[in-house]
Amino acid sequence: MKHINVALFVPHAGCPHRCSFCNQKTISGSLRPLCAQEVDAACRIALDSGKVSPESSEIAFFGGSFTAIDSAYMTELLAAADKYIKDGYFKGVRISTRPDCIDREILGVLKSFSVTSIELGAQSMSDKVLSVNERGHTSDDVRNASALIREFGFELGLQMMTGLMGSDRETDLFTGREIIKLCPETVRIYPTVVLENTALAEHLKDGSYIPPSLDETVGVCSELLEMFNDAGIRVIRLGLHSGGGVDGGYLAGAYHPALRELCEGEIYLKKMLSALSGKDKSRSYIIEVSKSALSKAKGQSKRNEKALKNQGFCCIIKGNEFLKEYEIKVKEN
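Residues numbered from 1 in each chain as written. Predicted model: local features only at pLDDT ≥ 70, side-chain atom pairs only at ≥ 80, totals over all residues. Heavy atoms only, no water.

(A) Looking closely at the environment of H256. When you line up the elements, H256 lands in the loop between β9 (250–253) and α11 (259–276). Overall, the relative accessible area of 22% leaves H256 in the partly exposed class. A C-alpha to C-alpha distance of 8.4 Å links H256 and L240, two positions 16 residues apart in sequence. (Helix = DSSP H or I, 4+ residues; strand = E, 2+ residues; numbered from the N terminus. Buried < 20%, exposed > 50% of the residue type's maximum accessible area, 1.4 Å probe, protein only.)

As C-alpha cells, this is what we get:
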C-alpha cells in the first residue's frame, strides 16, 4: 500500500485565458473532455491495482481551471468521484484551478463534494511577469484566494513557474519567498518549457524570449527547493511529467526526466563545498550523508564526486543512517 493519486485531466475546460506558455492538450495528452464514466473507470482500475491507501490517496482533477468550468459539468465530475470518498476508498479529492476562480460559493460546493485539497496556479508573484505572460490575474488574487481556501479548511497547494518571459533568478526567488508567506502545505515548481502552438513559441522564434539554460534552472530550483524545505513546505513536484505528449511538443526550456535529482544533487554539492571551505586539500576526507540520499549526494553520473575532485578535494561520500535529509558531516579519512 502506498500514496497514489488517480490523476484526471480536464484540458482547457473553463479556462478564461490562454497564457503565453500554455498548451494543456500537449501537457496532459488529452484531446477531448473528461466524462463521469472515465472518472469511475479510473477509480476502479486504481482500486483493482491494490496500491490505494485510503489514508493518503486522492482523486485529482488537474489540467484546467476546474472551478471555472460549467457548474453542472463540474458537479457531475465531482459526484462521480465523491462516492469513492464516501465509501472510504480514498482520502479526498484534489483539484487545481486559477486564483481568480475562487469565491465563497464555489468553496462551499467543493466542500460538499469531499474536496480536501486545492492547488492554485500562482506561477509568479510578480504582477509584471503575470501581465507579460497573459495570466489574467494579479498576485493579490493569489493572496486573497489562498486566504479563503485556508479559512474554509482546505489543504492549500501553490504552483509556481521559473524562467517565465520577463522573469529572472531574483524574481523567481521573490516568488518563492512570497509563496512561503502564504503557508501552503504543498508546492509544485515547474520550470518554463516552450511547447508548440503557444504564444511563447512565437516569442522564442522571433528572439524576444530566451529560456534559461538547464544549469541556470537547476541553480534557481535548487535554491527554491531548499527554501521550501527549510520552511517545512513539501515540494510534491519539480518539473513536468515525462510523456503525455510533452516530448513531441517540446521546443525549448529545461525539460529533464531527472530534474529534481539534479536540483537535490546541487544542494548537496553546495553544502559539501561549504563544509570543506578552508580545509587542507593535501588531506583526504569522508563526507557522510543520509543513507537514503547517498546517490543524490554523489550526483547524477557521479557529477558531485567529479566536481569535488576538480576543486582539489579527495573525498569519499558515505551513507549514515542517523543523518537527516541534507545533513552532512565531514571528517578526515
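Next comes the rest of the account.
(B) Structural context of the sheet that holds strand β4 (residues 115–123). Taken together, seven strands build an open sheet; the order of strands is β1-β2-β3-β4-β5-β6-β8 and the sheet is parallel. Looking at strand neighbours, the two that pair on one side only are β1 (6–9) and β8 (234–238), the edges of this open sheet. Between one strand and the next, the sheet's axes are offset by a mean angle of 20°, whatever the strand orientation. By the bridge criterion, six bridges tie strand β5 (residues 155–162) to strand β6 (residues 186–191) in an arrangement that is parallel. (Pairing = 2+ DSSP bridges. Axes fitted to C-alpha atoms, helices over the stretch in contact; angles between N-to-C directions.)

(C) Molecular detail of the packing of helix α7 (residues 169–181) against helix α9 (residues 214–230). Direction vectors running N to C along α7 and α9 enclose 15°, while the axes themselves pass 10 Å from each other. As summarised for this structure, α7 and α9 are arranged roughly parallel, according to the angle between their axes. α7 and α9 meet at a crossing whose hand is right-handed. Residues R169, D172, L173, G176, R177, I179 and I180 of α7 lie in contact with α9, whose contacting residues are V220, E223, L224, M227 and F228. Of the residues assigned to the contact of α7 with α9, the class counts are seven nonpolar, one polar and four charged. (Parallel < 35°, antiparallel > 145°, perpendicular 65-115°, else oblique. Left-handed = near helix turned anticlockwise from the far one by under 90°. Contact = heavy atoms within 4.5 Å. Nonpolar A, V, L, I, M, F, W, Y, C, P; charged D, E, K, R; others polar.)

(D) Representation of the side chain of S126 within the structure. Positionally, S126 belongs in the loop between β4 and α5 (127–132). Taking relative accessible area as the criterion, S126 reaches 14% and is therefore assigned buried.

(E) Looking closely at the pattern of salt bridges. Within the structure shown, the criterion is met by 22 salt bridges. R94 serves as the salt-bridge partner of E155, at 2.6 Å between the closest nitrogen and oxygen. In this pair, E155 sits in strand β5 while R94 sits in strand β3 (residues 92–97), placing the two residues 61 residues apart along the sequence. Taking the shortest distance from any N to any O, the salt bridge between E119 and R188 comes out at 2.7 Å. In this pair, E119 is assigned in strand β4 and R188 in strand β6, connecting sequence segments 69 residues apart. (Salt bridge = Lys/Arg side-chain N within 4 Å of Asp/Glu carboxyl O.)

So far we have only geometry, and geometry alone does not tell us how the molecule works.
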